[in-house]
Amino acid sequence: MKSFIMFFIIVIALFAIGNTYIYIRSYQALELFGSRFRLYYSIVFWVVALLFIFTHIVRLPGSGWVDALNTIGSYWIAVMLYAFLLLLLIDIFRIIGWIGAIKPAFIYANYPLSKLVLFGISAFILTIILTIGYRNARYPQVTRLEIPVTKQAGNLKELKIAMVSDVHLGHTAGNRFLGRVVDRINDLEPDVVLLAGDVFDGSPEPVIRKNMGAEFERLKSTYGTFAISGNHEYIGEREMKGGSKKAFDYLTSHHVTVLLDSVVLVDSSFYIAGRKDYSRRPRQSLKELLGATSNDLPVIALDHQPYHLDEAEQAGVDLQLSGHTHHGQLWPISWITKRIYEKDWGYLQKGNAHFYVSCGVGTWGPAVRTAGHSEIVFIRMTFE
């Protein structure tokens, strides 16, 4: 609890500092429009800037209006990040100019107009960044892998796996996006579909209200769809009492098998082991979880957060699939995730164990990606 409070304080502090900096610099840039316009601008700025925090603190009844407010607030996170970086870059050049006594005439001849022009250029650059980022987020690409496993899997010679993580269904990601993902998965004709956590963005309320479960029922595969929990399924408990249980029950009622520290033997050919999220304690170790399984059959483990990969290798896992990292989602946050995780996106092999960490098919907050792209992972697993 203490760590969460500290994290919350840090986030609020950064949010306040970032927005205040953007507000002051943009307010100064609008000098030519006069005080009345800047008053209206100030009201709109702070209403939009505080929407994300407001919609996550105040429990409003579910509706289309709430979805719209939440979405606007979410996109502001991306606007805030890149507006802050652009303004910081501009101010660095200004400081260099002051130090070097560089005062270009075309700028200082009409300084208020120059500030307004620079404001417009910055807004145009932000629009381009957000447009490209939106396309990266909402039109997932298929990542294809071939993974050989030196085990036999009954009569199977190969297994086609479609995996997605971090769908983050809720106020921002809805039926249209999920339908697009389901269509892409069905086009791959997989043998099994795996959902590696954070299917929900938080409370299951908007998912249930919008009947998104109907899209899960359209998934086609030989052996069905299996899911595990991510940290956001449990975050949803802060918004709805028993939220995680309702989320898991909802998936189960729509033909998705939820694995919470449990193992299933599929077609007497391979195991799927699903772990509770790393944030949920207690949870079984992989060694405990796989204790009753046969070492002769392939083991696919689903673990949302890619920590302690050595544990999977030592437990005899053949393939572990994870998500959670988003590869930072927004550059330059990807620099941070690269340093936190042994692998924050992509394929890794340790001994006989194969790992793939997906950057996710969905997004947290704004539907914007400037670090990587949204992906559906398609794996052809061969046995010998």
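Keep in mind it's a predicted model, so treat the numbers as computed, not measured.

Lay out the sheet that holds strand β7 (residues 270-274) with the relevant residues and their values.
What the 6 strands build is an open sheet, ordered β6-β7-β8-β9-β11-β10; its pairing is mixed. Among the strands making up the open sheet, the edge pair consists of β6 (262-266) and β10 (346-350). When the angles between neighbouring strand axes are averaged without regard to direction, this sheet yields 20 degrees. Pairing geometry for β10 and strand β11 (residues 353-357), over 5 bridges, is antiparallel. Residue pairing across strands places L348 opposite F355, the latter belonging to β11.

Account for the nonpolar core, with residues named and values stated.
One recurring pattern in soluble globular proteins is that nonpolar side chains are buried together. Residues V164, L169, I185, L195, F216 and L251 are the most contacted members of the largest nonpolar core, which totals 30 residues. Of all the elements in the fold, those that place two or more residues in this core are β2 (158-164), α6 (175-188), β3 (192-195), α10 (243-253), β5 (256-258) and β12 (375-383). Of all the elements, α6 adds the most residues to this core, at 6 residues. Sequence-distant contacts of I185, defined by excluding residues within four places in its chain, comprise A162, V164, P190, V193, L219 and I376. Counting residues in each nonpolar core, the second largest holds 26 residues, with M163, L259, I300 and L302 among its members.

If you had to explain helix α3 (residues 64-99) to someone new, which residues and values would you point to?
Across its 36 residues, α3 extends 52 Å between first and last C-alpha, which sits within 8% of the 52 Å expected from 1.5 Å per residue. Once α3 finishes, A101 follows within two positions and takes phi at roughly 55 degrees, a positive value.

Provide a residue-level description of the environment of Y40, including the pertinent values.
Positionally, Y40 belongs in helix α2 (residues 34-57). Overall, Y40 belongs to the partly exposed group, its relative accessible area being 47%. It is 17 Å that separates the C-alpha atoms of Y40 and F119, two residues lying 79 residues apart in sequence.

Account for unusual backbone geometry, with residues named and values stated.
Most peptide bonds take the trans configuration, and most residues that are not glycine carry a negative phi. Following R281, the chain continues into P282 via a peptide bond in cis, with omega recorded as -5 degrees. With respect to the helices and strands, the residue P282 is situated in the loop between β7 and α11 (286-289). With an omega dihedral of 10 degrees, the bond running from W331 to P332 counts as a cis peptide bond. Tracing the sequence through the fold places P332 in the loop between β9 (319-322) and α13 (333-340). In the Ramachandran plot, H168 falls in the positive-phi region, its phi being about 55 degrees despite a non-glycine side chain.

Describe the environment of T225, and please don't skip the residues or the numbers.
Along the chain, the position of T225 falls in strand β4 (residues 225-227). The contacts of T225, once residues within four sequence positions are left out, are V193, L195, L219, H255, V256 and T257.

Lay out the packing of aromatic side chains in plain terms, naming residues and giving numbers.
With the rule as written, the count across this model stands at 15 aromatic pairs. Taken together, a centroid distance of 5.1 Å and an interplanar angle of 5 degrees make the contact between Y108 and Y111 stacked. Classification of Y111 as partly exposed rests on a relative accessible area of 29%. Taken together, Y23, Y27, Y41, F45, W46 and W76 form an aromatic cluster joined through their ring pairs. Above the plane of the ring of F177 lies R138, whose end atom (NZ or CZ) is 4.3 Å from the centre. Above the plane of the ring of Y278 lies R281, whose end atom (NZ or CZ) is 4.5 Å from the centre.

Definitions and limits used
Residues numbered from 1 in each chain as written. Predicted model: local features only at pLDDT ≥ 70, side-chain atom pairs only at ≥ 80, totals over all residues. Heavy atoms only, no water. Pairing = 2+ DSSP bridges. Helix = DSSP H or I, 4+ residues; strand = E, 2+ residues; numbered from the N terminus. Axes fitted to C-alpha atoms, helices over the stretch in contact; angles between N-to-C directions. Core = buried A, V, L, I, M, F, W, Y, C linked by side-chain atoms within 4.5 Å. Buried < 20%, exposed > 50% of the residue type's maximum accessible area, 1.4 Å probe, protein only. Contact = heavy atoms within 4.5 Å. Expected span 1.5 Å × (residues − 1). Phe/Tyr/Trp six-rings, centres within 6.5 Å; stacked < 30°, edge-to-face > 60°. Lys NZ or Arg CZ within 6 Å of the ring centre and 35° of its normal.

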